Amino acid sequence: MKNSYFLKNKLQTTTFIILALIPVFVDSYFVNNISFFMIWTFIALSLSLIWGKGGILSFGQAAFFGLAGYSFGIIGINFADVYGVGIWSVVIALIITGLFGLIVGYFLFYGGIYDVFVGIVTLSMTLVFEIFMSQTAGPEWTVGIARLNGFNGMQGMPSIGISLFGYNFEALDNKGYYVILILAILVLYFLDKLANSKFGLILSASKEDRLRVQSLGYNVKRIHMLTFAISSVIAGMSGILYTNWGGFITPESMGLVSAALPVVYCAASGKNNFFAVFLGTILLVWISQELAINGRQFALIFMGLLLVVATRYFPDGMFLFFINFIKKMAGKIIGK
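Residues numbered from 1 in each chain as written. Predicted model: local features only at pLDDT ≥ 70, side-chain atom pairs only at ≥ 80, totals over all residues. Heavy atoms only, no water.

**Student:** Explanation requested: the layout of surface pockets in the structure shown.
**Tutor:** Rolling a probe over the atoms, with the probe sized like a water molecule, indicates the empty space that remains. Taken as a whole, the largest pocket holds about 740 Å³ of empty space. Lining the largest pocket are 28 residues; nearest its centre among them are Phe36, Trp40, Val285, Ser288 and Gln289. Secondary structure elements with two or more residues in the lining of the largest pocket: α3 (28-53), α10 (220-246), α11 (256-269), α12 (274-292) and α13 (296-313). Of the residues forming the lining of the largest pocket, the biggest block, seven residues, is contributed by α3. Here the residues of the lining of the largest pocket sort into 19 nonpolar, six polar and three charged. (1 Å grid on protein atoms, 1.4 Å probe; cavity = no way out; pocket = protein on both sides within 12 Å on 5 of 7 lines; lining within 4 Å. Points joined across faces, edges and corners; volume = space filled by probe spheres on them. Helix = DSSP H or I, 4+ residues; strand = E, 2+ residues; numbered from the N terminus. Nonpolar A, V, L, I, M, F, W, Y, C, P; charged D, E, K, R; others polar.)

Dropping the structure here:
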């Protein structure tokens, strides 16, 4: 028990206990907002894995976000009357997203595309996806009975949930909040174990010197391809949860801004630390929403300035810097 992951990570455990108690003390409006903030942590964590640990900057996370969201919606609408669609549609949507990420990763890394070219290719993929989905407004653009609706977005899909023993569970409101929170805990636990495994150590080593690791006999291309696929699935979780939260998904959710914002979240929070990215993303999404009340441009300007400041003065992340500072001060106080 002494080696328990949660005992070793007391700050994380305390944070999640506080998050778990929030619905007890605030009304559903605030719970719904915090759910929205936490939804974006998954796409940021996916980038933290591929970029923070692997050194590969990808702008394709928004495309995986959209692909999973649309897949979840299309399956849900077409099989709305089939038992358990609110559960297995999520699984199938993530499988589709993971396979797509695996295929893209294969052509990228086995094709010898690295460094800045990965960012160019993945950004192009995201923009093509957005442009294509934006022009699907006509009645001919349907998948089964699910209309894509172009830039107006798709809606009317069943929510995540299932009926058991006469009880109908839907991942909405407070129940949806706890579903997102539990998934966040599981993803953080998985990422921590992955980063500290042999797989993760090879990934981190390849970030420093890819050719040297390859010369030691490790298949770096396969490691990067699998990491890219895993990150696509985690980004897809954001897309599904977002679609479930709002009851719709639009092409705008995977546009240029959506592709760039996770980069800001990671860079400003501390891309090498998953927990810092989790907390930092919640804070930054909240700040951007508050600024967007007076105009979306203010939020974008702030995020741009934040990226510049973080890159110039806090290469390890502003949020991680403050976490370490607080820990240091707390250690001194306890020591005295």
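Now, onward.
**Student:** Quick question: what am I supposed to make of helix α4 (residues 61-78) here?
**Tutor:** For an α-helix, 3.6 residues make a turn, and residues three or four places apart therefore share a direction. Its 18 residues give α4 an end-to-end C-alpha distance of 26 Å, which sits within 8% of 26 Å, the value for a rise of 1.5 Å per residue. Of all 18 residues in α4, 17 are buried; the element is thus mostly enclosed. (Expected span 1.5 Å × (residues − 1). Buried < 20%, exposed > 50% of the residue type's maximum accessible area, 1.4 Å probe, protein only.)

**Student:** Help me out: how do you make sense of the packing of aromatic side chains in this one?
**Tutor:** Think of a pair of aromatic rings as described by two things: how far the centres are apart, and how the planes are tilted against each other in angle. This structure, assessed with the given rule, holds 22 aromatic pairs. Their ring planes at 80° and their centres at 5.5 Å tell us that Tyr106 and Phe107 sit as a pair that is edge-to-face. The class for Tyr106 is partly exposed, based on a relative accessible area of 43%. Residue Phe107 is classed as exposed on the basis of its relative accessible area, which comes to 58%. (Phe/Tyr/Trp six-rings, centres within 6.5 Å; stacked < 30°, edge-to-face > 60°.)

**Student:** Please clarify how α3 should be interpreted in this entry.
**Tutor:** An ideal rise of 1.5 Å per residue puts 38 Å on 26 residues; α3 measures up with 36 Å between its terminal C-alpha atoms. The buried count for α3 comes to 21 of 26 residues, which makes it a mostly enclosed element. A side-chain oxygen of the first residue of α3 lies 3.2 Å from the backbone nitrogen of Tyr29; this N-cap is Asp27. (Polar contact = N/O pair within 3.5 Å; in protein donor to acceptor, adjacent residues only side chain to side chain.)

**Student:** Can you walk me through unusual backbone geometry in this structure?
**Tutor:** Where the residue is not glycine, phi is negative for most of them; where a peptide bond is considered, it is trans in most cases. Non-glycine residue Asp115 carries a positive phi angle of around 60°. When you line up the elements, Asp115 lands in the loop between α5 (85-109) and α6 (116-134). At Asp173, a residue that is not glycine, the phi angle is positive and equals roughly 55°. In this fold, Asp173 is placed in helix α7 (residues 173-195).

**Student:** Before we go on, may I ask you to explain empty space enclosed by the protein in this structure?
**Tutor:** In the structure shown here, the tally under the stated rule is one cavity of 30 Å³ or more. In this model, the largest cavity occupies a volume close to 30 Å³. If you list the elements that add at least two residues to the lining of the largest cavity, you get α3, α7 and α8 (198-208). The element that contributes the greatest number of residues to the lining of the largest cavity is α8, accounting for three residues.

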